[in-house]
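Structural characterization, general
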Amino acid sequence: MLNLVLFGPPGAGKGTQAIFLAETFNLVHLSTGDLLRQEIADKTELGLMAQEIMSKGELVPDSIVISMIEVKLKNPNNGFIFDGFPRTTPQAQALDSLLEKHGTKVSVMLCLEVAKEELISRLLNRGLSSGRSDDTDPATIENRINVYNEKTAPIISFYESQGKYISIHGVGTIEDIAVSLKRAIENIPI
Ligand code: B4P
């Protein structure tokens, strides 16, 4: 099975590229951001709680996102693409345990590298049409990037120590970045 962790700061292109990779490699696309936004749209209790946290650019508690992923780990096609998950070291550890229970593991972590100014410009641009409150307020975007640097970026060393970290240049056309990701995946030793 091919299990990809697509990683990077907010606005790095995870959601954009995950759709392409899921189709190309026949993977189930699991985006914790999309799952949470669905809870918000459905006005569930979880959604109401998540909405407040997400609108501030903070992270939803680990236990909630881990449970959301746990129930989705079935019917894997060729494997999974995890988009926006894990975002903390406890989430990365939980993902390893969950996949182990299913007799599989993370194949590789692909990290999209994009400079801060470009991230801010992409997110503000998306905010013009998406209606996402976390994309319209510059202070919230700044906080999301700070939260990424403090809580999420340390996961890089978690995967690096397992020999699974691959850095991908995330600036350029969407098509060129897709080609770089595809090449990197095709070169993963089986
Ligand atoms: P996400 O939905 O994961 O939000 P994101 O990081 O902004 O999305 P992404 O990075 O995929 O967007 P993309 O670059 O594709 O999370 C939202 C919130 O949910 C988090 O802040 C957090 O509160 C919560 N959450 C989610 N998962 C969680 C977890 N595991 N634990 C705790 N909390 C969690 O797209 C950005 C824009 O750039 C788009 O407009 C796109 O068109 C554009 N773009 C993409 N590639 C480009 C390129 N090459 N050039 C120019 N523009 C490009």
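Model, not experiment: these values are computed from the prediction.

The subject of this paragraph is the environment of Ile 40. Tracing the sequence through the fold places Ile 40 in helix H2 (residues 32-41). Excluding residues within four positions of it along the chain, Ile 40 makes contact with Gly 47, Ala 50, Gln 51 and Met 54.

On to the packing of aromatic side chains, then. A full pass over the atoms with the stated rule returns four aromatic pairs. Aromatic pair Phe 7 and Tyr 148: ring centres 5.8 Å apart, planes at 50°, arrangement tilted. Within this pair, whereas Phe 7 is found in strand S1 (residues 4-7), its partner Tyr 148 is found in helix H7 (residues 138-152), the two being separated by 141 residues in sequence. Phe 7 gets classed as buried once you look at its relative accessible area, which sits at 2%. Ring geometry for Phe 80 against Phe 82: centres 5.8 Å apart, planes inclined by 35°, an arrangement best described as tilted. Residue classification places Phe 82 among the buried residues on the basis of a relative accessible area of 0%. Within the aromatic cluster, the residues linked to one another by ring pairs are Phe 80, Phe 82 and Phe 85.

With that settled, consider the site of the ligand. Residues in close proximity to the ligand total 30 residues, the closest being Gly 13, Gly 15, Thr 32, Glu 58 and Arg 144. Contact between the ligand and Thr 32: a nitrogen atom at 2.8 Å from a side-chain N or O atom of the residue. In the model, a nitrogen atom of the ligand is placed 3.0 Å from a nitrogen or oxygen of the Gly 172 main chain. Relative to its unbound accessible surface of 990 Å², the ligand loses 88% to contact with the protein. When residues of the shell around the ligand are assigned to their parent elements, the largest contribution, four residues, is made by H2. Its residues assigned to classes, the shell around the ligand comprises 12 nonpolar, nine polar and nine charged.

Criteria and cut-off values
Residues numbered from 1 in each chain as written. Predicted model: local features only at pLDDT ≥ 70, side-chain atom pairs only at ≥ 80, totals over all residues. Heavy atoms only, no water. Helix = DSSP H or I, 4+ residues; strand = E, 2+ residues; numbered from the N terminus. Contact = heavy atoms within 4.5 Å. Phe/Tyr/Trp six-rings, centres within 6.5 Å; stacked < 30°, edge-to-face > 60°. Buried < 20%, exposed > 50% of the residue type's maximum accessible area, 1.4 Å probe, protein only. Near = heavy atom within 4 Å. Polar contact = N/O pair within 3.5 Å; in protein donor to acceptor, adjacent residues only side chain to side chain. Areas by Shrake-Rupley, 256 points an atom, 1.4 Å probe, with all protein chains shown as cover. Nonpolar A, V, L, I, M, F, W, Y, C, P; charged D, E, K, R; others polar.

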